[in-house]
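Structural characterization, general
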Amino acid sequence: GESVGLHLPTLSVQEGDNSIINCAYSNSASDYFIWYKQESGKGPQFIIDIRSNMDKRQGQRVTVLLNKTVKHLSLQIAATQPGDSAVYFCAVHENSGYALNFGKGTSLLVTP
Amino acid sequence: NAGVTQTPKFQVLKTGQSMTLQCAQDMNHNSMYWYRQDPGMGLRLIYYSASEGTTDKGEVPNGYNVSRLNKREFSLRLESAAPSQTSVYFCASSLVAGASQETQYFGPGTRLLVL
């Protein structure tokens, strides 16, 4: 099955700084990638996604970068705010099957 | 538009008891999923329903059964609860299963403790 991992289990940043959360995957047949945010006691919330035919996609204050050569994606959050404190998961879909494979999550802590 | 809803929010069971977790979505999605989330781990797929009338096993189906009651509702049943099933359970839905670029949307979760 898919192996999905995150490089750091926790990340602490100061308010206003930019945050970068990384995710590695192992299956080159992966074709769709999603970042989710999960606040304490809540379900995962969709942030941004990217298809395998793209290498960058931007949303509001968030950017996802995909490097298929090294099987790596990252989530960049600009001007991080206290409300960004949460656990962030990457989820990867292979080009066959129905399941998303989730990483274990990176906990982002934003300090004032 | 409530999205994905789950009941109950919390439940405590004794070993051997049974219960059903309910999930409903109002987004007219075809596909629905049940995941469990354990501390320090990502979400793991228990069962999914690609479309109304079909269900299939995911990564960790043992000890669970599911029913796709109609297009909106997908329930998860624990016939004889075990402490190893203590977890947070999330239901999700997507417009189409198995297609690339199909985002799954999650409910708020059910926190289950089995004593």
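As a reminder, the structure under discussion sits directly above these lines.
Owing to the predicted nature of the structure, the values given are computational and were not obtained by experimental measurement.

Along its length, chain B carries zero helices and 11 strands. Along chain B, helices and strands appear, N-terminal first, in the series β-β-β-β-β-β-β-β-β-β-β. In terms of overall dimensions, chain B is globule-like: its C-alpha atoms have a radius of gyration of 13 Å, near the 13 Å expected for 115 residues. Summarising its shape, the C-alpha atoms of chain B cover approximately 40 × 25 × 25 Å along the three principal directions. A buried classification covers 47% of the 115 residues belonging to chain B. Considering only contacts in chain B between residues 6 or more positions apart, those separated by 24 or more positions represent 56%. In the structure as shown, chain B presents an accessible area of about 5,100 Å², 50% of it carried by carbon and sulfur atoms. Within chain B, the 8 negative side-chain charges are centred at a point lying 7 Å from the centre of the 10 positive side-chain charges.

In this section: the pattern of salt bridges. All names here are of chain B. Counted under the stated rule, the structure contains six salt bridges over all chains. Of the charged contacts, one joins Glu79 and Arg77 as a salt bridge, the two residues approaching to 3.1 Å between their closest N and O atoms. When its relative accessible area of 29% is taken as the criterion, Arg77 is described as partly exposed. Three or more residues joined by partner-sharing salt bridges are found here, namely Arg36, Asp38 and Arg44.

Before going further, it helps to examine the sheet that holds strand 7 (residues 65-68) of chain B. All names here are of chain B. Pairing within the open sheet is antiparallel, and its four strands lie in the order 1-3-8-7. Single-partner strands in this sheet number two, and they are strand 1 (4-7) and strand 7. When the angles between neighbouring strand axes are averaged without regard to direction, this sheet yields 20°. In terms of strand pairing, strand 7 meets strand 8 (residues 74-78) through four bridges, oriented antiparallel. Within the sheet, the bridge partner assigned to Ser67 lies in strand 8 and is Ser75.

Along the chain, Thr7 of chain B connects to Pro8 of chain B via a cis peptide bond; the corresponding omega equals -5°. Mapped onto the secondary structure, Pro8 of chain B falls in the loop between strand 1 and strand 2 (10-13). Of note, the phi angle at Lys71 of chain A is positive, near 55°, even though the residue is not glycine. By secondary structure assignment, the location of Lys71 of chain A is in the loop between strand 7 (62-67) and strand 8 (72-77).

Procedures and definitions
Residues numbered from 1 in each chain as written. Chains lettered and ligands numbered in written order. Predicted model: local features only at pLDDT ≥ 70, side-chain atom pairs only at ≥ 80, totals over all residues. Heavy atoms only, no water. Helix = DSSP H or I, 4+ residues; strand = E, 2+ residues; numbered from the N terminus. Rg over C-alpha atoms; globule rule 2.2 N^0.38 Å. Buried < 20%, exposed > 50% of the residue type's maximum accessible area, 1.4 Å probe, protein only. Contact = heavy atoms within 4.5 Å. Areas by Shrake-Rupley, 256 points an atom, 1.4 Å probe, with all protein chains shown as cover. Lys, Arg positive; Asp, Glu negative; His and termini not counted. Charge placed at Lys NZ, Arg CZ, Asp CG, Glu CD. Salt bridge = Lys/Arg side-chain N within 4 Å of Asp/Glu carboxyl O. Pairing = 2+ DSSP bridges. Axes fitted to C-alpha atoms, helices over the stretch in contact; angles between N-to-C directions.

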